[in-house]
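Next come the chains, spelled out residue by residue.
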Amino acid sequence: FIPATKGMGFFGRSNKGAAGRKESLLPHSQPARTERQRSLRVSQLEQHRQNEAPKRRCLPCLCRSITLMFPLNGCLFIMLALYVLAQGVSISELTVSDRMADYGDQRKLLTIMFIGASCIFVTGAMRKIQFRVYQQRIGDDSKLWHALNVIAAASLILAYVGFCVLAIFDVNENLQVHLIGAFAYFIMSNLFGLIHMAMLWRQKQYPLYLKIVFSLIPIAATASSIAYMLSLNELGVIPGPLYTLEWLAIALHALLVGCTVLLFLHDPVDDELRDFFCCRRGRGGSGEQSSGIQMKRRQREKEGTYTSWDDM
């Protein structure tokens, strides 16, 4: 029998602490976290998320503000052009075309109208993309609604192209081209309003009051345009002419575009634009993966099961 040395084990290894233990070659598991450690880790992650959230939200908020400015500016600049033209005259005694031809500062008038029309062009494109991405998210492959979406966007753009044409070529210089622009404006703007009304009733995410607003405005604008046409001396169906209805129709069409701000406030368009352009650049325009993720997120938010941890 060989007695063990003080502080030494039976096989000559130290008994004091981990220094005397032989390291195992097997992978050893981490010790289980206590409830306090888990709570501390959760609080650290939450603090990190709160610190990073303003940085991540800054760019989307900026993009969202920019998208809201286009329909608002489009409406305001067209209304401003009508206000400038109506100064010092009675709108019940002459047409918008006659007033444009007699207005003194043509450069200022054309600048205002071109800015408004350019903003409306962008608004029409954004609204088309928004409806297209909406169809992808709900899995709607209807060719009819896709065609109506394209027709609505094209009609809005062509309407305000005609509006710029009738502003450049007045009734005194080139009556024929002016009339082509005027007919293009009234026909295409009314067509856009009615098709857009049908498209909006198709989309389920908008409340009833928005659908009513976007139904009453185009119906009133179309009725005003028809009544004005029928009151002209060439037709004489309605005693007139009712020049006031022409001014009213133009104002209502501009107001319809301006009310698109309400749609973008209720359902922001910046994420649809991001899905559309990023997916076209990265996956050839399919958009299925990111669209599916966004749709699932919105569905979970609606059901109340979406949490802030899903952003981590």
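For the structure, check the block above.
Notes on the structure in this doc start here.

Rules behind the numbers
- Residues numbered from 1 in each chain as written.
- Predicted model: local features only at pLDDT ≥ 70, side-chain atom pairs only at ≥ 80, totals over all residues.
- Heavy atoms only, no water.
- Helix = DSSP H or I, 4+ residues; strand = E, 2+ residues; numbered from the N terminus.
- Buried < 20%, exposed > 50% of the residue type's maximum accessible area, 1.4 Å probe, protein only.
- Contact = heavy atoms within 4.5 Å.
- Areas by Shrake-Rupley, 256 points an atom, 1.4 Å probe, with all protein chains shown as cover.
- Expected span 1.5 Å × (residues − 1).
- Axes fitted to C-alpha atoms, helices over the stretch in contact; angles between N-to-C directions.
- Parallel < 35°, antiparallel > 145°, perpendicular 65-115°, else oblique.
- Left-handed = near helix turned anticlockwise from the far one by under 90°.
- Nonpolar A, V, L, I, M, F, W, Y, C, P; charged D, E, K, R; others polar.
- Phe/Tyr/Trp six-rings, centres within 6.5 Å; stacked < 30°, edge-to-face > 60°.
- Salt bridge = Lys/Arg side-chain N within 4 Å of Asp/Glu carboxyl O.

Description of the overall build of the protein
Reasoning step 1: A count of helical and extended segments in the protein gives 10 helices and 0 strands.
Reasoning step 2: Taken from N to C terminus, the helices and strands of the protein fall in the order α-α-α-α-α-α-α-α-α-α.
Reasoning step 3: By the burial criterion, 38% of the 312 residues in the protein qualify as buried.
Reasoning step 4: Here the analysis covers contacts within the protein between residues at least 6 apart in sequence; of these, 71% occur between residues at least 24 apart.
Reasoning step 5: Working note: accessible area of the protein is about 18,700 Å², and carbon and sulfur atoms make up 63% of it.

A short note on helix 7 (residues 243-258)
Reasoning step 1: Over its 16 residues, helix 7 extends 23 Å from the first C-alpha to the last, a length consistent with the 22 Å expected when each residue adds 1.5 Å.
Reasoning step 2: With 12 of 16 residues buried, helix 7 lies mostly within the body of the structure.

Structural notes on the packing of helix 4 (residues 143-168) against helix 5 (residues 175-202)
Reasoning step 1: One can describe the packing of helix 4 onto helix 5 by two numbers: an axis separation of 7 Å at closest approach and a directional angle of 150°. Our classification of the angle between helix 4 and helix 5 gives roughly antiparallel. At the point where helix 4 passes helix 5, the crossing takes the left-handed sense.
Reasoning step 2: Of the residues assigned to the contact of helix 4 with helix 5, the class counts are 21 nonpolar, 6 polar and 1 charged.

Regarding the packing of helix 6 (residues 208-231) against helix 7
Reasoning step 1: Running from amino to carboxyl end, helix 6 crosses helix 7 at an angle of 155°, the nearest separation of the two axes being 8 Å. Put simply, helix 6 runs roughly antiparallel to helix 7. Once helix 6 is placed against helix 7, the crossing between them reads as left-handed. Across the interface between the two elements, Phe214, Ile217, Pro218, Ala220, Ala221, Ser224, Ser225, Ala227 and Tyr228 from helix 6 touch Tyr243, Leu245, Glu246, Leu248, Ala249, Leu252, His253, Leu255 and Leu256 from helix 7.
Reasoning step 2: A breakdown of the residues in the contact of helix 6 with helix 7 according to their chemical character gives 14 nonpolar, 3 polar and 1 charged.

A word on the packing of aromatic side chains
Reasoning step 1: Considering all chains together, one arrives at 6 aromatic pairs under this definition.
Reasoning step 2: Relative to Tyr185, the ring of Phe163 lies with its centre 5.0 Å away and its plane at 40°, an arrangement referred to as tilted. Pair noted here: Phe163 is in helix 4 and Tyr185 is in helix 5, with a separation of 22 residues, a long-range link. Like Tyr185, Phe163 is buried.
Reasoning step 3: Overall, Tyr185 belongs to the buried group, its relative accessible area being 1%.
Reasoning step 4: Connected via pairs of aromatic rings, a cluster forms that spans Tyr160, Phe163, Tyr185 and Phe186.

Let's talk about the side chain of Ser97
Reasoning step 1: Mapping Ser97 onto the fold places it in helix 2 (residues 96-102).
Reasoning step 2: In contact with Ser97, not counting residues within four places along its chain, are Val171, His178 and Glu246.

Considerations on the pattern of salt bridges
Reasoning step 1: Per the counting criterion, the structure on display carries 2 salt bridges.
Reasoning step 2: Note that Arg64 and Asp270 form a salt bridge whose closest N and O atoms lie 3.2 Å from each other. Within this pair, whereas Arg64 is found in helix 1 (residues 35-86), its partner Asp270 is found in helix 9 (residues 270-283), the two being separated by 206 residues in sequence.
Reasoning step 3: With a closest N to O distance of 2.8 Å, Asp140 and Arg202 form a salt bridge. With Asp140 in the loop between helix 3 (106-138) and helix 4 and Arg202 in helix 5, this residue pair connects regions lying 62 residues apart in the sequence.
Reasoning step 4: With relative accessibility at 13%, the residue Asp140 sits in the buried group.

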